Amino acid sequence: MKILLTGGGSGGHFYPIVAIAEQINEVIKEKKLVNAEVYYMADVPYNAGLLFDKGIIFKKTYAGKVRGYFSILNVTDVFKTAIGVIRTFFIVFNMYPDVIFGKGGYVSFPALFAAKLLRIPVIIHESD
């Protein structure tokens, strides 16, 4: 079983994702299920040491932010997001997870868009 967790940009997205990965691993051990490969997809690993300790595999993606104010970065980030969507599509296609869990944030868009195209089930949780 492969599970892709995506979201990020802040600890408010990252740490709940780590808690979910811990619960997944706990249920697997408790129910004696087949081991799951848990992946975390974001633009930066946020806390690479914690990911390593929890056995979560990091996959890099690219995504641009949409700012609510005028910035030239809004223009360049459109291209960054487009490249991220294409790159992420191939990563997700090669990985083909059983489910994708999106916690939110701009960086979850490419993975969730790829899931839509590949008809992979999605769970979205945004508590902010």
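Reading guide: rules and limits
Residues numbered from 1 in each chain as written. Predicted model: local features only at pLDDT ≥ 70, side-chain atom pairs only at ≥ 80, totals over all residues. Heavy atoms only, no water. Helix = DSSP H or I, 4+ residues; strand = E, 2+ residues; numbered from the N terminus. Rg over C-alpha atoms; globule rule 2.2 N^0.38 Å. Buried < 20%, exposed > 50% of the residue type's maximum accessible area, 1.4 Å probe, protein only. Contact = heavy atoms within 4.5 Å. Areas by Shrake-Rupley, 256 points an atom, 1.4 Å probe, with all protein chains shown as cover. Phe/Tyr/Trp six-rings, centres within 6.5 Å; stacked < 30°, edge-to-face > 60°. Pairing = 2+ DSSP bridges. Patch = residues over 30% accessible without salt bridge, like charges linked within 9 Å, V, L, I, M, F, W, Y side chains within 5 Å. Salt bridge = Lys/Arg side-chain N within 4 Å of Asp/Glu carboxyl O. Polar contact = N/O pair within 3.5 Å; in protein donor to acceptor, adjacent residues only side chain to side chain.

Draft legend 1. A look at the overall build of the protein. Counting its regular elements, the protein contains four helices and five strands. Listing each helix as α and each strand as β along the protein from the N terminus yields β-α-β-α-β-α-β-α-β. Its C-alpha radius of gyration of 15 Å places the protein within 12% of the 14 Å reference for a compact globule of 128 residues. The dimensions of the protein, computed from C-alpha atoms along their principal axes, are 50 × 30 × 25 Å. Within the span of the protein, comprising 128 residues, buried residues form 41% of the whole. For the protein, contacts bridging at least 24 residues in sequence account for 58% of all contacts bridging at least 6. Just so you have it, the protein exposes about 7,500 Å², and 64% of that area is on carbon and sulfur atoms.

Draft legend 2. How the structure looks around the packing of aromatic side chains. Evaluated as defined, the whole model comprises nine aromatic pairs. When the centroid spacing of 6.1 Å and the interplanar angle of 45 degrees are considered together, the rings of Tyr-40 and Phe-58 count as tilted. Residue Tyr-40 is located in strand β2 (residues 37-42), and its partner Phe-58 is located in strand β3 (residues 57-60); the two are separated by 18 residues in the primary sequence. Ring centres of Phe-93 and Tyr-96 lie 6.5 Å apart, and the angle between their planes is 80 degrees; this geometry places the pair in the edge-to-face category. We classify Tyr-96 as partly exposed; its relative accessible area is 40%. Connected via pairs of aromatic rings, a cluster forms that spans Phe-14, Tyr-15, Tyr-40, Tyr-46 and Phe-58.

Draft legend 3. Main features of the pairing of β2. With five of six residues buried, β2 is to be regarded as a mostly interior element. As paired strands, strand β1 (residues 2-6) and β2 are joined by five bridges and run parallel to one another. Paired with Leu-5 across the strands is Tyr-40, a residue of β2. For β2 and β3, the ladder comprises four bridges, and the chain directions are parallel. In the strand pairing of β3, Tyr-40 is matched with Phe-58.

Draft legend 4. Just a nonpolar patch on the surface, in detail. On the surface, Ile-72, Leu-73, Val-75, Val-78 and Phe-79 cluster together into a nonpolar patch covering about 510 Å² of accessible area. Considering the arrangement of structural elements, one finds Leu-73 in helix α3 (residues 72-95). Looking at Leu-73, the relative accessible area reads 41%, which means it is partly exposed.

Draft legend 5. Quick peek at the side chain of Ser-71. Mapping Ser-71 onto the fold places it in the loop between β3 and α3. Under the relative-accessibility criterion, Ser-71 is labelled buried at 13%. Looking at Ser-71, its side chain comes within polar contact range of the main-chain nitrogen of Leu-73, at 3.1 Å.

Draft legend 6. Representation of the pattern of salt bridges in the model. Tallying each qualifying case throughout the model produces two salt bridges. Between Lys-54 and Glu-22 there is a salt bridge; the shortest N-O distance is 2.6 Å. Of the two residues, Lys-54 is situated in helix α2 (residues 48-54) and Glu-22 in helix α1 (residues 11-31); the sequence distance between them amounts to 32 residues. Ionic pairing is found between Asp-77 and Arg-67, a salt bridge with its closest N-O pair at 2.9 Å.

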